[in-house]
Amino acid sequence: MTGASVDGDRTPIKVGVLGARGRMGTEVVKAVNAAPDMEVVATVNSGDDLAALTAAEVVVDFTHPDAVMDNLRFAVDHGLHAVVGTSGFTDERIETLTGWLADKPELGMLIAPNFALGAVLAMRFAQQAARFYDSAEVVELHHNRKADAPSGTAAHTARLISTARAEAGRGPGEDATTSELDGARGADVAGVRVHSVRLPGLVAHEEILFGAQGETLTIRHDSLDRTSFMPGVLLGIRSVLSRPGLTVGLEHVLGV
Ligand SMILES: NC(=O)C1=CN([C@@H]2O[C@H](COP(=O)(O)OP(=O)(O)OC[C@H]3O[C@@H](n4cnc5c(N)ncnc54)[C@H](OP(=O)(O)O)[C@@H]3O)[C@@H](O)[C@H]2O)C=CC1
Ligand SMILES: O=C(O)C1=N[C@H](C(=O)O)C[C@H](O)C1
């Protein structure tokens with residue numbers, strides 16, 4: 001049986017890392033190799049043959065929104081569990097993955113828009129607050145090498161707010177803007193305005209702002225270093241083996 005030794009102790013979880021040379025991939029390789037219960041058995045970078053991944057039980061993907069679906073197709077076809085941090089997951093993509101996994105019910109796949117504990121909590125708190133406020137906007141701030149805007153975390157946060165306020169019988173708050181320069185009010189994600197800032201020096205930051213009569217509420221999270229994502233990634237690797245099907249969001253693993 002894969003991963004189990006004769007005396008019942010589990011052998012280290014075999015992990016393949018996609019995007020291993022990147023900012024996140026580099027940290028993942030270090031964190032996995034430093035963990036006592038797992039080891040990196042394959043690293044894949046852009047242009048490499050994915051076949052090396054078949055030595056793994058779990059693949060971790062921190063690549064690019066344009067690359068991740070092909071990588072996951074390979075993982076599902078080859079019976080590999082997957083932990084995914086790459087951004088760009090639309091409802092349509094989630095539906096596609098659900099279809100693929102239906103044919104491999106034993107496989108687990110975890111997609112987490114953000115692996116940092118504080119970011120997961122910030123999204124949960126925003127979801128709770130959204131029941132009480134019509135008006136909410138999201139500001140995400142990232143390093144200037146980031147490929148996509150808005151961030152996956154901000155898009156996910158906006159969708160959570162939108163769903164929570166709809167469930168509470170609320171709509172988007174009043175906005176009297178009738179004249180604006182293109183982009184001045186940010187992107188509309190599920191009826192929530194999302195603003196993206198890109199600056200060298202930043203890592204990953206998000207503010208969720210709520211407004212009501214005479215008051216505002218601001219929820220802010222800052223990842224100051226990419227090591228902030230690693231406890232969540234390691235937890236994801238450990239848990240995906242016993243979570244068949246698709247899980248979207250680390251909150252479901254953390255139970256928050
Ligand atoms: N969920 C979370 O908590 C977090 C998610 N992210 C997300 O992770 C992703 C990666 O971020 P980051 O590490 O900063 O980006 P980087 O650009 O630093 O790293 C991405 C790496 O993936 C490689 N790559 C591209 N295509 C492929 C492919 N088909 N197969 C294998 N490797 C490939 C790139 O290689 P090359 O440069 O040669 O193209 C690059 O080395 C982004 O989508 C980002 O938003 C980031 C931080 C936290
Ligand atoms: O590219 C990044 O850096 C990050 N990407 C993720 C996102 O798009 O939300 C997670 C985190 O914000 C860092």
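Residues numbered from 1 in each chain as written. Chains lettered and ligands numbered in written order. Predicted model: local features only at pLDDT ≥ 70, side-chain atom pairs only at ≥ 80, totals over all residues. Heavy atoms only, no water.

**Observations regarding the confidence of the model for the protein**
When pLDDT drops low, the exact placement of atoms in the prediction is not to be read closely.
So, point 1. Of all residues in the protein, 97% attain a pLDDT of 70 or more, and the chain-wide mean is 95.
So, point 2. For this predicted complex, the interface confidence score (ipTM) comes to 0.99, while the overall pTM stands at 0.96. (pLDDT = per-residue confidence, 0-100.)

**Digging into the side chain of Ser87**
So, point 1. You can see Ser87 is positioned in the loop between β4 (81-84) and α3 (91-102).
So, point 2. Those residues in contact with Ser87 that sit more than four places away from it in its chain are Pro65, Lys146, Asp148 and Gly152. (Helix = DSSP H or I, 4+ residues; strand = E, 2+ residues; numbered from the N terminus. Contact = heavy atoms within 4.5 Å.)

**Quick word on helix α2 (residues 68-77)**
So, point 1. Most of α2 sits out of view: seven of its ten residues are buried.
So, point 2. Among all positions in α2, only Val68, Met69, Asn71, Leu72, Phe74, Ala75 and Val76 are buried.
So, point 3. In the core, the buried residues of α2 are packed alongside β1 (13-18), β3 (58-61), β4, α3 and β5 (108-111).
So, point 4. Positioned one or two residues after α2, Gly79 has a phi angle of 70 degrees, which is positive. (Buried < 20%, exposed > 50% of the residue type's maximum accessible area, 1.4 Å probe, protein only.)

**As for the site of ligand 2**
So, point 1. As a matter of local geometry, ligand 2 sits amid Ser87, Pro113, Asn114, His142, His143, Lys146, Ser151, Gly152, Thr153, Ala204 and Phe229.
So, point 2. Within the contact set of ligand 2, an oxygen atom lies 3.0 Å away from a side-chain nitrogen or oxygen of His143.
So, point 3. A distance of 2.8 Å is found between an oxygen atom of ligand 2 and a backbone nitrogen or oxygen belonging to Gly152.
So, point 4. The fraction of the free accessible surface of ligand 2 (320 Å²) that becomes covered by protein chains is 84%.
So, point 5. In terms of residue class, the shell around ligand 2 is built from three nonpolar, seven polar and one charged. (Near = heavy atom within 4 Å. Polar contact = N/O pair within 3.5 Å; in protein donor to acceptor, adjacent residues only side chain to side chain. Areas by Shrake-Rupley, 256 points an atom, 1.4 Å probe, with all protein chains shown as cover. Nonpolar A, V, L, I, M, F, W, Y, C, P; charged D, E, K, R; others polar.)

**Digging into the packing of helix α1 (residues 23-34) against helix α6 (residues 230-240)**
So, point 1. With their axes 10 Å apart at the nearest point, α1 and α6 run at an angle of 65 degrees to one another. Taken as a pair, α1 and α6 cross one another with a handedness that is right-handed. Listed contacts from α6 to Met24, Glu27, Val28, Ala31 and Val32 of α1 are Met230, Val233, Leu234 and Ile237.
So, point 2. Of the residues that constitute the contact of α1 with α6, the class distribution is eight nonpolar, no polar and one charged. (Axes fitted to C-alpha atoms, helices over the stretch in contact; angles between N-to-C directions. Left-handed = near helix turned anticlockwise from the far one by under 90°.)

**Quick word on the side chain of His205**
So, point 1. Summarising the element assignment, His205 is placed in strand β9 (residues 204-212).
So, point 2. By relative accessible area, His205 is classed as buried at 7%.
So, point 3. Here Val203 takes part through its backbone nitrogen, which lies 3.0 Å from a polar atom of the side chain of His205.
So, point 4. Residues within four places of His205 in sequence aside, it is in contact with Val139, Glu140, Leu141, His142, Arg220, His221, Asp222, Ser223 and Leu224.

**Points about the environment of Asp9**
So, point 1. Structurally, the position occupied by Asp9 is in the segment before β1.
So, point 2. Using a relative accessible area of 51% as the deciding quantity, one classes Asp9 as exposed.
So, point 3. For the pair Asp9 and Ala158, spaced 149 residues apart in the sequence, the C-alpha separation amounts to 43 Å.

**Some thoughts on a nonpolar patch on the surface**
So, point 1. A contiguous nonpolar surface patch, about 230 Å² in accessible area, is contributed by Leu117, Leu254 and Val256.
So, point 2. Among the secondary structure elements, Leu254 is positioned in helix α7 (residues 251-254). (Patch = residues over 30% accessible without salt bridge, like charges linked within 9 Å, V, L, I, M, F, W, Y side chains within 5 Å. Salt bridge = Lys/Arg side-chain N within 4 Å of Asp/Glu carboxyl O.)

**Regarding the packing of aromatic side chains**
So, point 1. Taken as a whole, this structure holds two aromatic pairs when the rule is applied.
So, point 2. Ring geometry for Phe62 against Phe115: centres 5.9 Å apart, planes inclined by 55 degrees, an arrangement best described as tilted. Of the two residues, Phe62 is situated in the loop between β3 and α2 and Phe115 in the loop between β5 and α4 (117-130); the sequence distance between them amounts to 53 residues. Of the two residues, Phe62 and Phe115, neither departs from the other in class, the shared state being buried.
So, point 3. Measuring from ring centre to ring centre gives 5.3 Å for Tyr133 and Phe210, while their planes differ by 40 degrees; the resulting arrangement is tilted. Taken together, the residues span a long stretch of sequence, with Tyr133 in the loop between α4 and β6 (135-142) and Phe210 in strand β9 at a distance of 77 residues. Like Tyr133, the residue Phe210 is buried in the burial classification.
So, point 4. The ring of Trp100 carries the charged tip of Arg73 above its face, separated from the ring centre by 4.5 Å. (Phe/Tyr/Trp six-rings, centres within 6.5 Å; stacked < 30°, edge-to-face > 60°. Lys NZ or Arg CZ within 6 Å of the ring centre and 35° of its normal.)

**Let's talk about unusual backbone geometry**
So, point 1. Across the junction of Ala149 and Pro150, the peptide omega takes the value -5 degrees, indicating a cis bond.
So, point 2. Looking at the secondary structure, you find Pro150 in the loop between β6 and α5 (152-167).
So, point 3. Despite not being glycine, Ala190 has its phi angle at roughly 55 degrees, a positive value.
So, point 4. One can find Ala190 in the loop between β7 (187-189) and β8 (192-198).

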